[in-house]
Amino acid sequence: MGGSPSSEPSEPEPEPEPFLPNPWREVEFSDDAYMKLQEEIKNHQPHPKASTTNILILGNVGSGKSSFLNSVCSELRREELNGRVQNIQAVRPGAQTSVTQHLRSHTMEPFNDKIKIFDTAGFELGKTVNASIILKKIIDGEVAEGSKFDDILKSKMEGDKIHCVVLVISIYNAENLDPALIQFYEQVIGMLTETGVPCQLLVTFIDKLVEKTEDLKDLYRRRDIKQKIEMLAKKMRFSMSNVLVVSNYFEEMKINQIKGTLLLEAVAQMLTAAKPFQERM
Ligand SMILES: Nc1nc2c(ncn2[C@@H]2O[C@H](COP(=O)(O)OP(=O)(O)O)[C@@H](O)[C@H]2O)c(=O)[nH]1
Ligand SMILES: [Mg+2]
């Protein structure tokens, strides 16, 4: 009787070490490394076949698309903004629906006007009718900036051909991904594979898995975080080398170099992914 187990007590499984002996991605968090990333992005030149490098950000509401853009812009414009976090659009906290339903781009001008990042506010699975047709048109450069999604199907317009697509997913949702979302993304990835456009998976909200910002330095050594990301990558059929991990600014007034390094690293990876595709155009 009592609480003792009936079977022979066996040696408890040793708890795995919380930290991996080696990080699964090398990211240096020094001033020097940060400045190098700034320079790399500042000096980015598209392949001569493309006038700008165009990146399309895709993800469901609340995944952190706008915040990512906001965060990156704050980072790149740090001198001009005095290290403050800018707000390029009103991001309503906890907003479940987006008001805007059009394609809008953010050039990194005056930082580097050769980079264009497109936000797809309001382009939502289940809400946007003919989502995959619209998406195909956007990627093929048949949609002009500022276009309302409703108008896209009606006419053919001149736009920017997309060189890299980024799917944004919050690590928060990693465990209970909506099967419909996975299915939609599979369709998107299938279409991208056909056209050869590279695709990256951007994992946001990583701050939710650490106690303080400083701990983000050990992000790639945390066994539990790696497992979570691996699981997500597997579900989405991404190789780990195409997964980018960030924590966006959400309540900060000032930028932070650790977060900044991860954000700039993600942009640098996107630009690198776009290059071979531009070469083949
Ligand atoms: N903690 C945390 N909050 C975030 C992060 N990214 C976005 N948010 C917050 O999540 C909410 C939705 O983000 P938003 O960028 O508007 O998502 P969008 O609908 O994909 O554009 C906002 O309240 C953001 O402040 C992140 O990396 N960490
Ligand atoms: Mg948004």
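Residues numbered from 1 in each chain as written. Chains lettered and ligands numbered in written order. Predicted model: local features only at pLDDT ≥ 70, side-chain atom pairs only at ≥ 80, totals over all residues. Heavy atoms only, no water.

## As for the overall build of the protein
Right, so step 1: Scanning the protein from terminus to terminus reveals seven helices and six strands.
Right, so step 2: In the protein, the succession of α and β elements from N to C terminus is α-β-α-β-β-α-α-β-α-β-α-β-α.
Right, so step 3: Out of the 281 residues belonging to the protein, those deemed buried represent 47%.
Right, so step 4: When contacts within the protein are restricted to residue pairs at least 6 apart in sequence, those whose partners lie at least 24 apart make up 76%.
Right, so step 5: For the protein, the accessible surface area stands at approximately 14,600 Å², while carbon and sulfur atoms represent 49% of it. (Helix = DSSP H or I, 4+ residues; strand = E, 2+ residues; numbered from the N terminus. Buried < 20%, exposed > 50% of the residue type's maximum accessible area, 1.4 Å probe, protein only. Contact = heavy atoms within 4.5 Å. Areas by Shrake-Rupley, 256 points an atom, 1.4 Å probe, with all protein chains shown as cover.)

## So, the environment of Lys235
Right, so step 1: Position of Lys235 relative to the elements: it lies in helix 6 (residues 223-236).
Right, so step 2: Placed 61 residues apart in sequence, Lys235 and Ala174 show a C-alpha to C-alpha distance of 9.0 Å.

## Quick word on helix 3 (residues 131-139)
Side chains three or four residues apart in an α-helix point the same way, a direct result of the helix having 3.6 residues per turn.
Right, so step 1: Listed as buried for helix 3 are Ala131, Ile134, Leu135, Lys137, Ile138 and Ile139.
Right, so step 2: Close packing links the buried residues of helix 3 with strand 1 (53-59), helix 4 (149-152), strand 4 (164-170) and helix 5 (179-195).
Right, so step 3: One or two steps after helix 3, the chain reaches Gly141, where phi turns positive at roughly 80 degrees.

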